[in-house]
Amino acid sequence: MKKTLITSLTVIVILSLTVVLAAASGGFSDKAYRVNDRADLLSESEEAALLSKADSTAVSLNFDIAIFTTESLGDYYYAGDYADDLFDYNDFGYGESRDGILLLISMEERDVYISTSGYGLTAFTEDGIDYILDQITPSLSKGDYSTAFFTFVELCEDFVTQARTDKPYTRSTLPREPLSPMALVVCAIIGLVIALIAVGSMKARLHSVRSQAAAESYVRENSLNITDSRELFLYRKVSRVAKASDSSSRGGGTHTSSSGRTHGGGGGKF
């Protein structure tokens, strides 16, 4: 009787653990490895820490997050096509809609590209992708890849949470870093100095002018005599300036990958 009870308890524990693990990983592909540092930009410890961060964040969100680095794009001419195919053919994404995001870094031409899929198209707007690129590009340019990648994962968590609990970030609602007290003091001092210089310069030009007690002192008698007034439309001039185009792409629109799936995203150089 005791053996039967122990065996039953053991089976229950094993089944419970199986259910928990299945719930934690369900919806994700078993072969999806979220950090692939083929360009060897990270140390072993940095890669392990980043993988742990990406795994835990993806599972908690039910939203896949992947990072790929490579020496070159190989046979691909466009980083976006490569990023989309990496996402699709490595089975990234959560659930049937393949919800997720992938960051690609190619060192040969200094390409950075973000590919989104499924719910990623909703959570990461064009403005949002531009914002993320602006946040990680300075670190990439300095060679601080670990900081850039951790920042990317943290921003992904913030963006997905924001989209699900409220609305996706747009240009007017994107998070802004508050100015430090020292920065505010410096700005105030600079503004005061500029104002003093401008006022002092204008005052220095008034050599022949003296203040008068009454405004009538400034008016010459019979100097202005208006006998008739009309408003006439003469012409209209419209100036059009072409919007400047950036040679490096940024966030914009959706497209279809070689596998036939719909992706969003954007990228540029670093």
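Nothing here was measured: the structure is a model prediction, and the numbers come from that model.

Rules behind the numbers
- Residues numbered from 1 in each chain as written.
- Predicted model: local features only at pLDDT ≥ 70, side-chain atom pairs only at ≥ 80, totals over all residues.
- Heavy atoms only, no water.
- Phe/Tyr/Trp six-rings, centres within 6.5 Å; stacked < 30°, edge-to-face > 60°.
- Helix = DSSP H or I, 4+ residues; strand = E, 2+ residues; numbered from the N terminus.
- Buried < 20%, exposed > 50% of the residue type's maximum accessible area, 1.4 Å probe, protein only.
- Core = buried A, V, L, I, M, F, W, Y, C linked by side-chain atoms within 4.5 Å.
- Contact = heavy atoms within 4.5 Å.
- Pairing = 2+ DSSP bridges.
- Expected span 1.5 Å × (residues − 1).
- Arc of directions from axis to C-beta.
- Axes fitted to C-alpha atoms, helices over the stretch in contact; angles between N-to-C directions.
- Salt bridge = Lys/Arg side-chain N within 4 Å of Asp/Glu carboxyl O.

Caption draft 1: Representation of the packing of aromatic side chains in the model. Tallying each qualifying case throughout the model produces 10 aromatic pairs. Ring centres of Phe63 and Phe124 lie 6.0 Å apart, and the angle between their planes is 35°; this geometry places the pair in the tilted category. With Phe63 in the loop between helix 2 (44-61) and strand 2 (64-70) and Phe124 in the loop between helix 4 (120-123) and helix 5 (126-141), this residue pair connects regions lying 61 residues apart in the sequence. Judged on exposure class, the residue Phe63 and its partner Phe124 are both buried.

Caption draft 2: Representation of the nonpolar core. Ranked by size, the top nonpolar core spans 38 residues in total, and within it Leu103, Ile105, Phe124, Leu140, Phe149 and Phe152 carry the most contacts. It is helix 6 (residues 145-165) that contributes the most residues to this core, 10 residues altogether. Apart from residues lying up to four places away in sequence, Phe124 is in contact with Phe63, Ile101, Thr116, Ile129, Ile132, Cys156, Phe159 and Val160.

Caption draft 3: The pairing of strand 6 (residues 262-269), seen in detail. Counting buried residues along strand 6, 6 of its 8 residues qualify, which places the element largely inside the surrounding structure. Pairing of strand 4 (residues 111-117) with strand 6 involves 7 bridges; the strand directions are antiparallel. Note on strand 6: the bridge partner recorded for Ile114 is Gly266. With 3 bridges joining them, strand 5 (residues 254-256) and strand 6 adopt antiparallel strand pairing. When the sheet's bridge partners are listed, Thr256 is paired in strand 6 with Thr262. Here strand 5 folds back onto strand 6, and the loop between the two strands holds 5 residues, one of which, Gly260, carries a positive phi near 95°.

Caption draft 4: Representation of helix 2. Its 18 residues place the ends of helix 2 26 Å apart at the C-alpha level, agreeing with the 26 Å of an ideal helix rising 1.5 Å per residue. Buried within helix 2 we find Leu50, Leu51, Ala54, Thr57, Ala58 and Leu61. Projection of helix 2 onto a plane perpendicular to its axis shows the buried side chains occupying an angular sector of 140°, all on one side. Exposed positions of helix 2 whose direction lies more than 90 degrees from the buried face are Glu44, Ser45 and Ser60. Looking at the packing, one finds that the buried side of helix 2 touches strand 1 (35-37), strand 2 and helix 6. One or two positions beyond helix 2, positive phi appears at Asn62, with a value near 55°.

Caption draft 5: Just the sheet that holds strand 4, in detail. With respect to topology, 6 strands assemble into an open sheet ordered 1-2-3-4-6-5, the strand pairing being mixed. Since the sheet does not close on itself, it has two edges, and those belong to strand 1 and strand 5, each with one partner. Direction aside, the axes of adjacent strands within the sheet are offset by 25° on average. By the bridge criterion, 3 bridges tie strand 1 to strand 2 in an arrangement that is parallel. Within the sheet, the bridge partner assigned to Val35 lies in strand 2 and is Ile67. On top of the sheet, helix 6 reaches strand 2, strand 3 (100-106) and strand 4; it is set at about 155° to strand 2, its chief contact.

Caption draft 6: Structural detail: the pattern of salt bridges. Applying the stated criterion to the full structure yields 5 salt bridges. A salt bridge links Lys269 to Asp111, with the shortest nitrogen-to-oxygen separation between them at 2.6 Å. Of this pair, Lys269 sits in strand 6 while Asp111 is found in strand 4, placing the two residues 158 residues apart along the sequence. Overall, Lys269 belongs to the partly exposed group, its relative accessible area being 46%. The closest approach of N and O atoms between Asp127 and Arg171, which form a salt bridge, is 3.0 Å.

Caption draft 7: The arrangement of the environment of Leu51 in detail. Here Leu51 is to be found in helix 2. For Leu51, a relative accessible area of 15% gives the class buried. Along the chain, Leu51 and Tyr33 lie 18 residues apart, while their C-alpha atoms are 8.4 Å from each other.

Caption draft 8: Highlighting helix 6. The terminal C-alpha atoms of helix 6, which comprises 21 residues, lie 30 Å apart, in line with the 30 Å expected from a rise of 1.5 Å per residue. If you check which residues of helix 6 are buried, you get Tyr145, Ser146, Ala148, Phe149, Phe152, Val153, Leu155, Cys156, Phe159, Val160, Gln162 and Ala163. Considering only its buried residues, helix 6 is in contact with helix 2, strand 2, strand 3, strand 4, helix 4 and helix 5.

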